[in-house]
Amino acid sequence: MTRGARLEGGVNLIRNFFHFVFPTATLLALTLTTQAQVKVIFDHNPNATATGAFKFKNVPSPAKDDAAAKAKLLLVEGEADGNGADVSTLTDGALPTEEDQPAANFFWNAGTGGGRLQMDLGSLIQIAQVNTYSWHPNTRGPQVYRLWASDGAAVNFNSAPKAIDPATCGWKLITVVDTRSKDGDDGGQFGVSITDARGSLGKFRYLLFDCYVTETADEFGNTFYSDIDAVARK
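First, a word on scope: everything that follows refers to the structure included in this document.

Procedures and definitions
- What you see as residue numbers is a count from 1 along each chain, following the sequence as written.
- Residue-level local features of this predicted model are given only where pLDDT is at least 70; pairs of side-chain atoms are given and counted only at 80 or more, and the full residue set underlies all totals for whole chains, interfaces and linings.
- No hydrogens and no water enter the side-chain calculation; it runs on all heavy atoms of the structure.
- To form a nonpolar core, buried Ala, Val, Leu, Ile, Met, Phe, Trp, Tyr and Cys residues must be joined to one another through side-chain atoms within 4.5 Å.
- For each residue, the accessible area found with a 1.4 Å probe, counting protein chains only, is set against the maximum for its type, and the residue is called buried under 20%, exposed over 50%, and partly exposed in between.
- Runs of H or I in DSSP of at least four residues are treated as helices and runs of E of at least two as strands, each being numbered from the N terminus.
- Whether two residues are in contact is decided by their heavy atoms, any of which lying within 4.5 Å being enough.
- At least two bridges found by DSSP between two strands is the condition for calling them paired.
- Side-chain atoms alone can form a polar contact between residues adjacent in sequence; in general such a contact is a pair of N or O atoms within 3.5 Å, and within protein one must be able to donate a hydrogen while the other accepts it.
- The term salt bridge refers to a pairing of a side-chain nitrogen on Lys or Arg with a carboxyl oxygen on Asp or Glu at a separation within 4 Å.
- As defined here, a cavity is a set of points on a 1 Å grid over the protein atoms alone where a 1.4 Å probe fits but cannot get out. A pocket is an open set with protein on both sides within 12 Å along at least five of seven lines, and residues line them when an atom is within 4 Å of a point.
- Grid points are joined across faces, edges and corners, and a volume is the space filled by probe spheres set on the points.
- Following the grouping adopted for this structure description, the nonpolar residues are Ala, Val, Leu, Ile, Met, Phe, Trp, Tyr, Cys and Pro, the charged ones are Asp, Glu, Lys and Arg, and the polar ones are all others, Gly among them.

## Structural notes on the nonpolar core
The tendency in soluble globular proteins is for nonpolar side chains to be buried as a group. Membership of the largest hydrophobic core comes to 28 residues, with the highest contact counts inside it found for Met119, Tyr145, Ile194, Leu207 and Phe209. Within the residue set of this core, elements represented by two or more residues are β3 (115-136), β4 (144-150), β5 (172-178), β6 (188-196), β7 (202-211) and β8 (225-232). The greatest single-element share of this core, amounting to 6 residues, is contributed by β3. Every residue in contact with Leu207, bar those within four places of it in the chain, is listed here: Leu117, Gln118, Met119, Ile127, Val130, Leu147, Trp148, Ala149, Trp171 and Ala230. In terms of nonpolar packing, the next biggest core, distinct from the first, is built from 7 residues, Val76, Cys169, Trp171 and Leu208 among them.

## With respect to the pairing of β3
With 17 of 22 residues buried, β3 lies mostly within the body of the structure. Pairing of strand β2 (residues 72-77) with β3 involves 5 bridges; the strand directions are antiparallel. If you follow Leu73 over to β3, its bridge partner there is Met119. In this structure, β3 lies alongside β6, joined through 7 bridges in antiparallel fashion. Residue pairing in the sheet places Asn131 in a bridge with Ser193 of β6.

## A short note on the side chain of Gln189
Inspection of the secondary structure puts Gln189 in strand β6. Only 2.5 Å separates the side chain of Gln189 from the backbone oxygen of Thr51, close enough to count as a polar contact.

## Side note on the pattern of salt bridges
One pass over the structure, following the stated rule, counts 5 salt bridges. Here Arg116 and Glu77 are joined by a salt bridge, their closest N and O atoms 3.7 Å apart. Here the residue Arg116 occupies a position in strand β3, and Glu77 occupies one in strand β2, the gap between them amounting to 39 residues. Arg116 sits in the buried class, given a relative accessible area of 7%. Of the charged contacts, one joins Arg116 and Asp210 as a salt bridge, the two residues approaching to 3.3 Å between their closest N and O atoms. Pair noted here: Arg116 is in strand β3 and Asp210 is in strand β7, with a separation of 94 residues, a long-range link. Just as Arg116 is buried, Asp210 falls in that class too.

## Brief notes about empty space enclosed by the protein
By the definition in use, this model includes 1 cavity of 30 Å³ or more. Here the largest cavity defines a volume of roughly 60 Å³. Lining the largest cavity are Leu90, Phe106, Trp108, Leu117, Thr132, Tyr145, Phe209, Cys211, Tyr225 and Ile228. Broken down by secondary-structure element, the contributors of at least two residues to the lining of the largest cavity are β3, β7 and β8. Tallied by class, residues from the lining of the largest cavity come to 9 nonpolar, 1 polar and no charged.

## Digging into the environment of Gln37
Within the secondary structure, Gln37 sits in the loop between α1 (3-35) and β1 (38-45). As a C-alpha pair, Gln37 and Asp196 span 159 residues in sequence and 5.4 Å in three-dimensional space. If near-sequence neighbours (up to four positions away) are discounted, Gln37 is found in contact with Thr195, Asp196, Ala197 and Arg198. A distance of 3.1 Å separates a polar atom in the side chain of Gln37 from a polar atom in the side chain of Arg198.

## Focus: the environment of Trp135
Position of Trp135 among the secondary structure elements: in strand β3. Sequence spacing of Trp135 and Tyr225 is 90 residues, and the spatial spacing of their C-alpha atoms is 7.0 Å.

## Some details on the environment of Ala94
Along the chain, the position of Ala94 falls in the loop between β2 and β3. Note on Ala94: relative accessible area 41%, which makes it partly exposed. Taking the C-alpha atoms as reference points, Ala94 and Asn105, separated by 11 residues in sequence, lie 9.8 Å from one another. Apart from residues no more than four positions distant in its own chain, Ala94 is found in contact with Thr89 and Ser226.

## A few points about unusual backbone geometry
At Phe54, a residue that is not glycine, the phi angle is positive and equals roughly 50°. As for its placement among the helices and strands, Phe54 is situated in the loop between β1 and β2. If you check the backbone angles, Ala163 has positive phi at about 60° while not being a glycine. If you trace the backbone, Ala163 turns up in the loop between β4 and β5. Overall, Ala163 belongs to the exposed group, its relative accessible area being 57%.

What follows is the structure in structure tokens.
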């Protein structure tokens, strides 16, 4: 086994282990973000009612003219699955029209523990919302990730933190997202909206999505991400 393969295996073991401790981390993060006035809401459209319109009760539908439309995306950690689209599909305004459409979604390679995706907005922006969307008929539907943000001003800023704690190199943890249900009935569409009671999550240039698998019972726990929006404060 090569050194690279051993390293990848170690990283995946760590990421898969995090799957089991995530509920505790979620509770802690929610406590912290409540104090910071960050609010996470998510909606779920079951398979029977999900459509290509991505209409939700409380979460706005994906936008085509948000700040993320011109952002640059970088796969910081993990491997994209060759059966899916590349990261550009997350901001190109196009959406999947069917519940199981790999070519219209981005997802990490089967058998891996997820990865990190960086979004560069190009300049400092007061961010009002970060919204994420996914669609799959079973366990690849839910979303499990940590959202980090940075203005890039820290002396030790690392724009692509791989296998290190982003908090140590100029990143701020915004919140933790986990849309999995207790009963495991997770097929369908998910829309997540991250906002702040003050009207802005902060003034940032970079966003970092630290994504994890939804389950480890098989190799197919990586979420089918359909779209990511970053909405500037007006």
